[in-house]
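# Summary of the model geometry
Residue strings, one per chain:
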Amino acid sequence: MALALKKRDFLLVGVAILILAFLWQAPPESTSRVPLDDDHRKYHELVKTDGKKAAEKFCEDCHNQETIPFPEGHPAKYRCLFCHKLAAP
Ligand code: HEC
Ligand code: HEC
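Residue indices follow the written sequence of each chain, beginning from 1 at its first position. Chains carry letters from A onward and ligands carry numbers from 1 onward, assigned in written order. Whole-chain, interface and lining totals are the exception, using all residues; otherwise, since this is a predicted model, local features are given only for residues with pLDDT of at least 70 and side-chain atom pairs are given and counted only at 80 or more. Each side-chain value is derived from all of the structure's non-hydrogen atoms; neither hydrogens nor water enter the calculation.

## Some remarks on the site of ligand 1
Neighbouring residues are identified by heavy atoms, a residue being near a molecule or strand if any of them is within 4 Å of it. What surrounds ligand 1 is a group of 17 residues, the closest being D37, H40, C59, C62 and H63. For this analysis, a polar contact is any N or O atom pair within 3.5 Å, provided that within protein one partner can donate a hydrogen and the other can accept it, and provided that sequence-adjacent residues contribute only side-chain to side-chain pairs. Between ligand 1 and D37 there is a distance of 2.6 Å, counted from an oxygen atom to a side-chain nitrogen or oxygen. Within the contact set of ligand 1, a nitrogen atom lies 2.8 Å away from a side-chain nitrogen or oxygen of H63. Starting at the N terminus, helices and strands are each numbered in turn, a helix being any DSSP run of H or I of at least four residues and a strand any DSSP run of E of at least two. At the level of elements, α4 (59–62) and α5 (80–83) are the ones that each hand at least two residues to the shell around ligand 1. Polar here means any residue outside two lists: the nonpolar Ala, Val, Leu, Ile, Met, Phe, Trp, Tyr, Cys and Pro, and the charged Asp, Glu, Lys and Arg; Gly therefore counts as polar. Here the residues of the shell around ligand 1 are counted per class, giving 10 nonpolar, four polar and three charged.

In structure tokens form, the structure reads like this:
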């Protein structure tokens, strides 16, 4: 009995992890990545040293309605790097 319960719990946890992994993967795969070019290189570095939140503070210096407008229907803009993954080097 105790063993059967453990097995079932294990399975439930496994299924939960699969679902979470799927949800976690889904948005970034279809969303454009932050390019590794001269405009963005320092933010790739900053993510490595200080984390995503520190780097995101600067995105809207350029990405704002005046300078580089967002595409129409762009989702909520806080936490850029939650959706836009960094391009691989
Ligand atoms: C110095 C100005 C500047 C800053 C700061 C900046 N960007 Fe950009 N970004 C650009 C320019 C210019 C482009 C368009 C040309 C290009 O693709 O590099 C661009 C393009 C992009 C693109 C689209 C790439 C594509 O595939 O079309 C994404 C995504 C992006 N930036 C995300 C970010 C994020 C996230 C940050 C903050 C970490 C950030 N940018 C900070 C200037 C900037
Ligand atoms: C909730 C998810 C989400 C967040 C947060 C988010 N974006 Fe986006 N962004 C998208 C989606 C989806 C698109 C449209 C599909 C695409 O081009 O990647 C997009 C498109 C863009 C584009 C145009 C890409 C292109 O190829 O032309 C840029 C630039 C951009 N976002 C920058 C940013 C910046 C800078 C921030 C933070 C201030 C930000 N995004 C926050 C989801 C997000």
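## Side note on the coordination of the iron atom of ligand 1
Each metal site is built from N, O and S donor atoms within 2.8 Å (3.2 Å for Na, K and Ca), and since water is not included, such sites may look incomplete. The protein atoms donating to the iron atom of ligand 1 are H40 (NE2) and H63 (NE2), with metal-donor distances spanning 1.9 Å. Note that the iron atom of ligand 1 binds six donor atoms; their angles at the metal cover 87 to 180°, and the shape is octahedral. Remark: H63 occurs in the loop between α4 and α5 and H40 occurs in the loop between α1 (2–30) and α2 (41–50); sequence separation between them is 23 residues. The cut-offs for exposure are 20% and 50% of the maximum accessible area for each residue type, with area from a 1.4 Å probe on protein chains only; residues under the lower value are buried, those over the upper are exposed, and the others partly exposed. For H40, a relative accessible area of 16% translates into the label buried. When its relative accessible area of 27% is taken as the criterion, H63 is described as partly exposed. Working rule for geometry: tetrahedral if four donors all subtend angles between 85 and 135 degrees; square planar for four, octahedral for six, if opposite donors exceed 155 degrees and the others stay between 65 and 115; irregular in every other situation.

## Side note on a nonpolar patch on the surface
Residues enter patches when they are more than 30% accessible in relative terms and free of salt bridges; like-charged ones are connected within 9 Å and nonpolar ones (Val, Leu, Ile, Met, Phe, Trp, Tyr) within 5 Å. For accessible areas, the Shrake-Rupley method is used with a probe of radius 1.4 Å. Any residue's cover is judged against the shown protein chains and nothing else. When a carboxyl oxygen of Asp or Glu lies within 4 Å of a side-chain nitrogen of Lys or Arg, that pair is called a salt bridge. Where nonpolar side chains cluster on the molecular surface, the patch consists of L11, V15 and I19 and spans about 290 Å² of accessible area. For I19, a relative accessible area of 48% translates into the label partly exposed.

## Concerning the pattern of salt bridges
Taken as a whole and judged by the stated rule, the model has three salt bridges. R41 is the partner of D38 in a salt bridge, and the nearest nitrogen-oxygen pair spans 3.0 Å. You can call D38 exposed: its relative accessible area is 65%. The exposure class assigned to R41 is partly exposed, which follows from its relative accessible area of 39%. Across the salt bridge formed by E45 and K48, the nearest N and O atoms sit 3.6 Å from each other. In this pair, E45 and K48 are both assigned in helix α2, three residues apart and thus about one turn of the helix distant. The exposure class of E45 is partly exposed, given its relative accessible area of 42%.

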